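# Survey of secondary and tertiary structure
So you can see what is in the structure, the chains are spelled out below.
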Amino acid sequence: AAEVRFDLSRSYVRRLDALDPAYLARILDEMAAQGAAVVREAGVNGTLSLTRSADMRYVGQGYELSVPIPDGPVDGRTAAALRGAFDRVYAHRYGYSDAKAAVEVVTVAVTVTGAGPEVRLPEQPPGLSDAARARKPDRAVYFPEARGYVRCAVYDRTRLPVGATIAGPAIVEEPESTTVLPPGTTAEVDPWANLIASVA
């Protein structure tokens, strides 16, 4: 059910004051078309989303920050928009920015994303709402909120029927994981066999 995503990037080392909007627009469009083709090949038929970014740095630095490239056409205003975005990202990361220092683009990137397939999980048949058949031997469990050990009900997750409700303190065990329900917590098995916990 995960979204389908394809990331592309190209090197484009250029100072902002020498940025070529036409060239930048062309390589962004090429990457967007390539990414869209890959996502469509993966079976996505719906709307695709597109994000663009540039890895930028002060000239002479050895590391970059990722800065969003504004939506819309790439034109003569793009360099100024990138500079403003870089200054904001840099100041957010380091607490300051130098408006007089030269900035350069190093890499530009495009991400194309499409929604994954809709998944409809089958509802599980309802069972007895009583969780007693899933009980295992109780044991003492330490809960900090109780300031000590508490006698605790233990349940076998695979035997909890749809509609079963249990109250903490309790432990729900299954081969893949253990769910701890502290005092005051309740859990119910929903129609898809999920264990839904409600914390007081």
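One structure accompanies this document, and this report is about it. Note that the structure is predicted; figures quoted are calculated from it, not measured. (Residues numbered from 1 in each chain as written. Predicted model: local features only at pLDDT ≥ 70, side-chain atom pairs only at ≥ 80, totals over all residues. Heavy atoms only, no water.)

## Some words on the pairing of strand β6 (residues 148-156)
To keep things clear, this is the line we draw: The pairing criterion is simple: DSSP has to find at least two bridges between the two strands. A run of H or I in DSSP becomes a helix once it reaches four residues, and a run of E becomes a strand once it reaches two; helices and strands are each numbered from the N terminus.
Pairing of strand β5 (residues 135-143) with β6, which is carried by seven bridges, proceeds in the antiparallel orientation. Its bridge partner lying in β6, V141 is registered against V150. The turn joining β5 and β6, which pair antiparallel and follow one another in sequence, is formed by four residues; a positive phi near 55 degrees is taken by R147. Direction of pairing for β6 relative to strand β8 (residues 170-173): parallel, over a ladder of four bridges. Counterpart to Y155 in the pairing with β8 is V172.

## Digging into the sheet that holds β5
Threshold: Each axis is a line fitted through C-alpha atoms, taken for helices only over the stretch in contact, and angles between the N-to-C directions span 0 to 180 degrees.
The strand order β5-β6-β8-β9 describes an open sheet built from four strands, whose pairing is mixed. Pairing within the sheet leaves two strands with one partner each, and these edge strands are β5 and β9 (178-181). In this sheet, neighbouring strand axes are inclined to one another by 25 degrees on average, regardless of whether the strands run parallel or antiparallel.

## Quick notes on the packing of aromatic side chains
Two aromatic rings, taken as a pair, are described by how far apart their centres are and by the angle between their planes. Here is the rule: We call Phe, Tyr and Trp rings a pair once their centres come within 6.5 Å, taking the six-membered ring for Trp, and we label the pair stacked below 30 degrees between planes, edge-to-face above 60, and tilted otherwise. The buried label goes to any residue with under 20% of its type's maximum accessible area, the exposed label to any with over 50%, and the partly exposed label to all in between, with areas taken from a 1.4 Å probe on protein chains only.
Overall, the coordinates contain eight aromatic pairs when judged by the stated rule. Taking 5.1 Å as the distance between ring centres and 90 degrees as the angle between the ring planes, the aromatic pair formed by Y58 and F86 counts as edge-to-face. You can see Y58 sitting in strand β2 (residues 48-58) and its partner F86 sitting in helix α2 (residues 78-94), a full 28 residues away along the chain. Side by side, Y58 and F86 carry an identical accessibility label, which is buried. Geometrically, the ring pair formed by Y58 and Y90 is edge-to-face, given 4.7 Å between the ring centres and 65 degrees between the ring planes. A residue pair is termed long-range when its members are at least 10 positions apart, and Y58 in strand β2 and Y90 in helix α2 qualify at 32 residues. Relative accessible area serves as the criterion here: at 7%, Y58 is assigned to the buried category.

## Some thoughts on the pairing of strand β10 (residues 186-189)
Residues of β10 alternate between two faces, with A187 and V189 buried on one and T186 and E188 left unburied on the opposite face. Inspection of the sheet shows β10 paired to strand β11 (residues 195-198) by four bridges, in the antiparallel sense. If you follow T186 over to β11, its bridge partner there is S198. In this antiparallel pair of consecutive strands, β10 and β11, the connection spans five residues, and A193 shows a positive phi of 70 degrees.

## With respect to the environment of A131
Convention followed: Should any heavy atoms of two residues lie within 4.5 Å, those residues are considered in contact.
Looking at the secondary structure, you find A131 in the loop between β4 (103-114) and β5. Residue class for A131 comes out buried when judged on its relative accessible area of 6%. As for A131 and E174, which are separated by 43 residues in sequence, their C-alpha atoms are 15 Å apart. Here A131 is in contact with Y155, L160, A164, T165 and I166, once residues within four sequence places are set aside.

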